[in-house]
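# Structural overview
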Amino acid sequence: YTLGDVELLDSLGVSRPLQHDISAQPGAPFVSPLGDLTQPSGGFKWRGTAGLTAMWQGFDATVQSRYLGSITASNQFAANGLPGGPNREVPAHLEFDLTLGYNATYDQAQFAGLKGWRAQLAVTNVMDDLPGIFFTNGNSVGTAAWNTKYGSPFGRTYSATLTARF
């Protein structure tokens, strides 16, 4: 889309596996690990991304969102540290990221053959919304667990990049 001198780009992605049944061995019943965080081949039933980028005279700004549906964490430890604890529901998670950048390109090479450069500032998890977390031994004294499939426990992070083209 174009609004005057501003070019807008949008993106949308949604996924939902329809079936993912697995059998441990021939003749064993098929089970679906979908929606179970602790299964090696388990995964989210719903996930999605949406984004909007605006570009104007070398400047660009992008807002990106990531959604992960709720998921079950099974096979937890009980308060006594033994297996058999209750399943835990980890709530749905939504994050927003922001990226600001500037891109310069030269018609003729500049100092030391520089043909262009790009500067970028990124803020990941702008709202500082932490993913769901739970204690694997059933109480708040044990080991806190999170899964990289679900999100980062660091909250909001910042990064800056400077790239040169020669």
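The paragraphs below set out a description of the structure included in this document.

Definitions and limits used
Residues numbered from 1 in each chain as written. Predicted model: local features only at pLDDT ≥ 70, side-chain atom pairs only at ≥ 80, totals over all residues. Heavy atoms only, no water. Salt bridge = Lys/Arg side-chain N within 4 Å of Asp/Glu carboxyl O. Helix = DSSP H or I, 4+ residues; strand = E, 2+ residues; numbered from the N terminus. Buried < 20%, exposed > 50% of the residue type's maximum accessible area, 1.4 Å probe, protein only. Phe/Tyr/Trp six-rings, centres within 6.5 Å; stacked < 30°, edge-to-face > 60°. Contact = heavy atoms within 4.5 Å. Pairing = 2+ DSSP bridges. Patch = residues over 30% accessible without salt bridge, like charges linked within 9 Å, V, L, I, M, F, W, Y side chains within 5 Å. Areas by Shrake-Rupley, 256 points an atom, 1.4 Å probe, with all protein chains shown as cover.

## Topic: the pattern of salt bridges
- Under the definition given, this model contains three salt bridges.
- The partner of aspartate 60 in a salt bridge is arginine 118, with the nearest N and O atoms 2.8 Å apart. Here aspartate 60, found in strand β4 (residues 59-68), pairs with arginine 118, found in strand β8 (residues 116-124); they are 58 residues apart in sequence, far enough to count as distant.
- A relative accessible area of 14% places aspartate 60 in the buried class.
- In this structure, arginine 66 and aspartate 97 form a salt bridge, with 2.1 Å as the shortest nitrogen-oxygen distance. Pair noted here: arginine 66 is in strand β4 and aspartate 97 is in strand β7 (residues 93-105), with a separation of 31 residues, a long-range link.
- Arginine 66 sits in the partly exposed class, given a relative accessible area of 31%.

## Considering the packing of aromatic side chains
- Inspection of every chain in the model, using the stated rule, returns three aromatic pairs.
- Geometrically, the ring pair formed by phenylalanine 59 and tyrosine 102 is tilted, given 4.6 Å between the ring centres and 55° between the ring planes. Of this pair, phenylalanine 59 sits in strand β4 while tyrosine 102 sits in strand β7; the two residues are 43 residues apart in sequence, bridging distant segments of the chain.
- The class of tyrosine 102 is partly exposed, set by a relative accessible area of 27%.
- Among the aromatic side chains, those forming a connected cluster through ring pairs are Trp56, Phe59, Tyr102 and Trp117.

## A word on the environment of serine 70
- Here serine 70 lies in the loop between β4 and β5 (71-73).
- Not counting the four nearest positions on each side in its chain, serine 70 is found in contact with Val90, Pro91 and Ala92.

## Section: the sheet that holds strand β1 (residues 2-3)
- Taken in spatial order, the seven strands make up an open sheet running β1-β2-β3-β4-β7-β8-β11, and their pairing is antiparallel. Because the sheet does not close on itself, it has two edges, and the strands there are β1 and β11 (157-165).
- Here nine bridges tie strand β2 (residues 6-15) to strand β3 (residues 47-56), and the two strands are oriented antiparallel to one another. Residue pairing for β3: leucine 12 is matched across the bridge by alanine 50.

## Let's talk about the environment of serine 15
- Relative to the helices and strands, serine 15 resides in strand β2.
- By relative accessible area, which is 31% here, serine 15 ends up partly exposed.
- As for serine 15 and threonine 49, which are separated by 34 residues in sequence, their C-alpha atoms are 9.2 Å apart.
- The residues touching serine 15, leaving out its near neighbours within four places in the chain, are Lys45, Trp46 and Arg47.

## Digging into a nonpolar patch on the surface
- Taken together, the side chains of Leu12, Val14, Trp46, Val63, Tyr67, Leu94, Phe96 and Met127 make up a nonpolar region of the molecular surface, amounting to roughly 840 Å² of accessible area.
- Elements represented by at least two residues in the nonpolar patch include exactly β2, β4 and β7.
- As for its position among the elements, methionine 127 is in the loop between β8 and β9 (134-135).

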